Amino acid sequence: RLNKFDIALVAFQSIWELDVNDPWLSRLLAETYLALGLQENAWQVARTVVDIESNWLNLSWYSWFLSIIGEKDQACDLLESVLAIAPQSYGVLLEFAELLLSAGNRLGAEFVADFTLQMEGLEIDSVKQVSKMFLRCGNQENAIAALERGIFQESHVKNESFIELLALYTYTNKFTK
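Each chain carries its own residue numbering, running from 1 in the written order of its sequence. For this predicted model, a pLDDT threshold of at least 70 governs which residues receive local features, and a threshold of 80 or more governs which side-chain atom pairs are given and counted, while totals over whole chains, interfaces and linings are taken from all residues. Water and hydrogen atoms were dropped before computing side-chain values, which therefore reflect all heavy atoms in the structure.

Details of the pattern of salt bridges
A pairing counts as a salt bridge when a side-chain nitrogen of Lys or Arg comes within 4 Å of a carboxyl oxygen of Asp or Glu. Tallied over the entire structure, the rule returns 2 salt bridges. Between Glu 98 and Arg 136 there is a salt bridge, with the nearest N and O atoms lying 2.5 Å from each other. Here Glu 98 is found in helix α6 (residues 90-102), whereas its partner Arg 136 is found in helix α8 (residues 124-136), with 38 residues between them in sequence. According to the relative accessible area criterion, Glu 98 is partly exposed, its value standing at 32%. Note that Arg 106 and Glu 110 form a salt bridge whose closest N and O atoms lie 2.4 Å from each other. Here Arg 106 and its partner Glu 110 are both found in helix α7 (residues 106-117), 4 residues apart, which amounts to about one turn of the helix. Secondary structure follows DSSP: runs of H or I at least 4 residues long count as helices, runs of E at least 2 residues long count as strands, and numbering of each begins at the N terminus. Exposure classes here rest on a 1.4 Å probe applied to the protein chains alone. A residue is buried below 20% of its type maximum, exposed above 50%, and partly exposed in between.

Rendered as structure tokens:
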């Protein structure tokens, strides 16, 4: 007897089979398989995504997929090639830093975070992500400096940014120094 997940999966597979060359549908099906614990099926569909279209979005997604299934070294290698295609992509850079950190390469993650911070046009939300990356790497001083720089370069800073900076000051005991 089929449960509601089996029925939904069969329906989704039928939709995907109508256009197997749609990378969005393929990514979605691979993620569905993954969520249902069908890793081999997910792997087979995920590999087709970059075969369909090898743009930075699909390659970045595939590196995410590889990291989720535990292939962190392969994911890092792939993201390095994505950066060659889309070097100004803050999201890809931050994803790369995240992968490096999860693979135990704290210094590499800090380097990528610092590189991202030096880019022109970095918006406050991306600066906050960089600051959090520094904090996760254990570099409290760079986390504070990044957030301060981002806040004071913005022309219209929201109160939440100041609150985050105050929270960071408190967390790092900067008020007592």
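Let's talk about the packing of aromatic side chains
Think of a pair of aromatic rings as described by two things: how far the centres are apart, and how the planes are tilted against each other in angle. Put simply, two rings from Phe, Tyr or Trp (the six-membered ring, in Trp's case) pair if the centres are within 6.5 Å, and we call them stacked under 30 degrees between planes, edge-to-face over 60, tilted for the rest. Summed over the entire model, instances satisfying the criterion amount to 4 aromatic pairs. Relative to Phe 65, the ring of Trp 43 lies with its centre 6.3 Å away and its plane at 40°, an arrangement referred to as tilted. A residue pair is termed long-range when its members are at least 10 positions apart, and Trp 43 in helix α3 (residues 39-52) and Phe 65 in helix α4 (residues 56-68) qualify at 22 residues. Both residues of the pair, Trp 43 and Phe 65, belong to the buried class. Residue Phe 65 is classed as buried on the basis of its relative accessible area, which comes to 0%. Each residue in the set Trp 43, Trp 61, Tyr 62, Trp 64 and Phe 65 is aromatic and connected to the rest through ring pairs, giving one cluster.

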